[in-house]
Structures are given as C-alpha cells and as structure tokens.
Amino acid sequence: MAEALRFHYEVDGDNFTSAGAASVEVKRKLRQLGFDAELIRRVSIAMYEGEINMVVHARGGSADVYVDKDCVTIILADRGPGIPDIDLAMQEGYSTAPDNIRALGFGAGMGLPNMKRYTDEMKIETVLKQGTTVTMKVYINHTKQTEKGTSEEGK
Amino acid sequence: MKIREIATLLGADVLCGESQLDEEVQSACGSDMMSDVLAFVKDQGVLVTGLVNPQVIRTAMMMDMHCVVFVRSKRPTPEMLELAKEHHIAVLASCSRMYEACGKLYASGLGNEACANG
C-alpha cells in the first residue's frame, strides 16, 4: 500500500439508533482489503465503542480511519464537554452515562477501557467545554495483543 | 450445536436466517449489557439477550456472531431484522427467561469454552 487509505465519517449525535454505522462500514472495508478477522474485530470494536461514546456524551463528531502498511489509525474527534478526569474515565465500571443509555445496553463504564484493550496505542486529548480527540492505533501483523480482548487481563 | 437445535431447545421462533439453521455454533453468551459482551466475549457464536434495540444486532456483528436469541418474549423491530439479514445473523425469539434459556443451552452442550480465561 503506497499511501494511506483514508475513510471519513460524520457521526450523528442525535440518533442512538444509527450509532455504530460508521464502524460497520469500516469493518466492511477492512474485509474487502483482505485483513485477518482478528485485526478487523479489534479495529471495529474499538471504533464502535468510540462512536457510541461520541453519541452518548458529545452529540456526535467525526471519525477518520487511516490504513497504511503498518497500522490502522482511528481518530475520533468531538466538540463535546471534554473529560474532566481521564484516569477516572479509564477505570472499568466508572461511567457518567445517564440511565436511559444504560437501559440501551451501554454506559457500564467499559467504553474507554474496551477501546484501550483492543488497540495497541490510545491517546486521549481533551479540553473541557471544547471537546475530545481519541487517537487509536492497531498494528498490522502484530500479535502481541491478540489475547488482550479475551479476558479481564488476568483478573 | 446447530442453530436449528437451539431453536428447538428453546421453543423459539425463527425470525430470520432460515438458511443458516444448519450452521454449527460452539458457544454462547448471555447478557443485556452490550459493553460487557464487547469486553469479555471471544469467538462465541450466539448472543442470548433480553435487550431490544439495533445496537444488539450491531454488537453481534462486531463480534462476528452468527445468531441472536431474544428471550422473555422480546421481539426485535423490523429495522433490526433487516440489519440482521443484511449481515447474515439468524434471529430467534423465545419466551424463556434468560436464566432458563442459558441453562438449557449449557446443559445441552453449548458451553462457553471459547471464552478464553473468562
């Protein structure tokens, strides 16, 4: 692959029903590109959790996915309220999602931890009242993380 | 276990995916919390849930699952069935409760051994 492929999506923040549609599309494109199932699953789950987060917390945003020869990079950017305490937000089980979101099967405080679990690198840049950008990378042909998503990391 | 046997064991209606009833699945998980499914499930072909919204089908898609079983007489919307058909996921609906449905499937040999370290 000579240069990175780029896919861009706008994530509609007013529609929980359609949340995840961009991740489904990325999954389809990665399949077409012939990547192995485990890599596709890791990329699409991490992006899906991120998309859900953007809809629940930030009224949507944009998703950009870059595919180059070494890795798949997912950049999720929103103009939501920002994350006051990233360490707290990264704790499994911590959530600020409202009850109506929990009733929909999310808001268990697993979103950000899942995104970290399924990717090789994750960086969160956040400014209160301005927004959050999450950058995730999944390395291609890299097996160190393949079991990462399968357990509670030894707990 | 074939998806067809799951339908029989649970007295479930097949709402879509009739052509997939002879597909073999090795394991299942039961949850109403999709984030937990995304966190802890690996290589499980069947999702048993009482939650009804399109994210259930999307979660199953993300996890490469072949079949979703709705319990407690819950019925998916036409929109959810369309999404499931598009992505080749069989959808069953049973009046069993979650505990009963999981118990019957487990006792009949559909284990959770694929859930590594889980």
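The paragraphs below set out a description of the structure included in this document. (Residues numbered from 1 in each chain as written. Chains lettered and ligands numbered in written order. Predicted model: local features only at pLDDT ≥ 70, side-chain atom pairs only at ≥ 80, totals over all residues. Heavy atoms only, no water.)

Re the overall build of chain A
Thought 1: From N to C terminus, chain A includes five helices and five strands.
Thought 2: Listing the helices and strands of chain A from first to last along the sequence gives β-α-α-β-β-α-α-α-β-β.
Thought 3: On chain A, roughly 7,500 Å² of surface is accessible, and the fraction owed to carbon and sulfur atoms is 48%. (Helix = DSSP H or I, 4+ residues; strand = E, 2+ residues; numbered from the N terminus. Areas by Shrake-Rupley, 256 points an atom, 1.4 Å probe, with all protein chains shown as cover.)

Remarks on the side chain of S44 of chain A
Thought 1: Locating S44 of chain A in the fold gives a position in helix α2 (residues 37-58).
Thought 2: Looking at S44 of chain A, its side chain comes within polar contact range of the main-chain oxygen of I40 of chain A, at 2.7 Å.
Thought 3: Among all residues touching S44 of chain A, those that are not within four sequence positions of it are S23 and K27 of chain A together with M62 of chain B. (Polar contact = N/O pair within 3.5 Å; in protein donor to acceptor, adjacent residues only side chain to side chain. Contact = heavy atoms within 4.5 Å.)

Quick word on the sheet that holds strand β5 (residues 90-93) of chain B
In any sheet, the strands associate via hydrogen bonds between backbone groups, in a parallel or an antiparallel arrangement.
Residue and element names in this part refer to chain B.
Thought 1: Spatially, the five strands line up as an open sheet ordered β1-β5-β4-β3-β2, and their pairing is mixed. This sheet does not close on itself; its edge strands, each paired only once, are β1 (13-16) and β2 (28-30). Going from strand to strand, the sheet's axes swing by 20° on average, the running direction of each strand aside.
Thought 2: With four bridges connecting them, strand β4 (residues 67-70) and β5 associate as parallel partners. (Pairing = 2+ DSSP bridges. Axes fitted to C-alpha atoms, helices over the stretch in contact; angles between N-to-C directions.)

A look at the packing of helix α1 (residues 21-32) of chain A against helix α3 (residues 54-62) of chain B
Thought 1: Here α1 of chain A crosses α3 of chain B at 25°, and the two axes come no closer than 11 Å. For the element pair α1 of chain A / α3 of chain B, the angle class is roughly parallel. Crossing of α1 of chain A over α3 of chain B shows left-handed handedness. Only R58, M61 and M62 of chain B of α3 of chain B make contact with α1 of chain A, whose side of the interface consists of A21, S23, V24 and K27 of chain A.
Thought 2: Class assignment for the residues of the contact of α1 of chain A with α3 of chain B results in four nonpolar, one polar and two charged. (Parallel < 35°, antiparallel > 145°, perpendicular 65-115°, else oblique. Left-handed = near helix turned anticlockwise from the far one by under 90°. Nonpolar A, V, L, I, M, F, W, Y, C, P; charged D, E, K, R; others polar.)

A word on the interface of chain B and chain A
A common way to report how large an interface is uses the accessible area buried once the components associate.
Thought 1: Taken together, the 26 residues of chain B in the interface contact 36 residues of chain A.
Thought 2: Both faces considered, chain B and chain A share a buried interface measuring about 2,400 Å² in area, 53% of it formed by carbon and sulfur atoms.
Thought 3: In this structure, the connection of chain B to chain A is made through three salt bridges.
Thought 4: Linking D64 of chain B and K27 of chain A is a salt bridge whose minimum nitrogen-to-oxygen distance equals 2.8 Å.
Thought 5: On inspection of chain B and its partner chain A, the count reaches 16 residue pairs in polar contact (both at pLDDT 80 or more).
Thought 6: Broken down by secondary-structure element, the contributors of at least two residues to the side of chain B that touches chain A are α2 (34-40), α3 and α4 (78-86) of chain B.
Thought 7: Classifying every residue of the side of chain B that touches chain A by side-chain character gives twelve nonpolar, six polar and eight charged. (Buried area = accessible area lost by both parts, 1.4 Å probe. Salt bridge = Lys/Arg side-chain N within 4 Å of Asp/Glu carboxyl O.)

Topic: the environment of L83 of chain B
Residues and elements named next belong to chain B.
Thought 1: Here L83 lies in helix α4.
Thought 2: You can call L83 buried: its relative accessible area is 15%.
Thought 3: Distance in space between the C-alpha atoms of L83 and S96 is 24 Å, their sequence separation being 13 residues.
Thought 4: Leave out the neighbours within four places in its chain, and L83 touches P54, I57, R58 and M61. (Buried < 20%, exposed > 50% of the residue type's maximum accessible area, 1.4 Å probe, protein only.)

Brief notes about the pairing of strand β4 (residues 121-127) of chain A
All names here are of chain A.
Thought 1: For β4 and strand β5 (residues 131-139), the ladder comprises seven bridges, and the chain directions are antiparallel. Following the sheet pairing, I124 is matched in β5 by V134.
Thought 2: Connecting β4 to the next strand, β5, in antiparallel fashion are three residues, including K129 with a positive phi near 65°.

Some details on the sheet that holds strand β2 (residues 60-67) of chain A
Residue and element names in this part refer to chain A.
Thought 1: Ordered by their spatial adjacency, five strands build an open sheet running β1-β2-β3-β5-β4, and the pairing between neighbours is antiparallel. Since the sheet does not close on itself, it has two edges, and those belong to β1 (5-12) and β4, each with one partner. When the angles between neighbouring strand axes are averaged without regard to direction, this sheet yields 10°.
Thought 2: Relative to strand β3 (residues 71-78), β2 is paired through six bridges, and the arrangement is antiparallel. Residue pairing across strands places V65 opposite I74, the latter belonging to β3.
Thought 3: The sheet strands contacting α1 are β1 and β2, and the helix crosses β1 at an angle near 160°.
Thought 4: In the packing of helix α5 (residues 111-118) onto the sheet, the strands contacted are β3, β4 and β5, and the crossing angle to β4 comes to about 145°.

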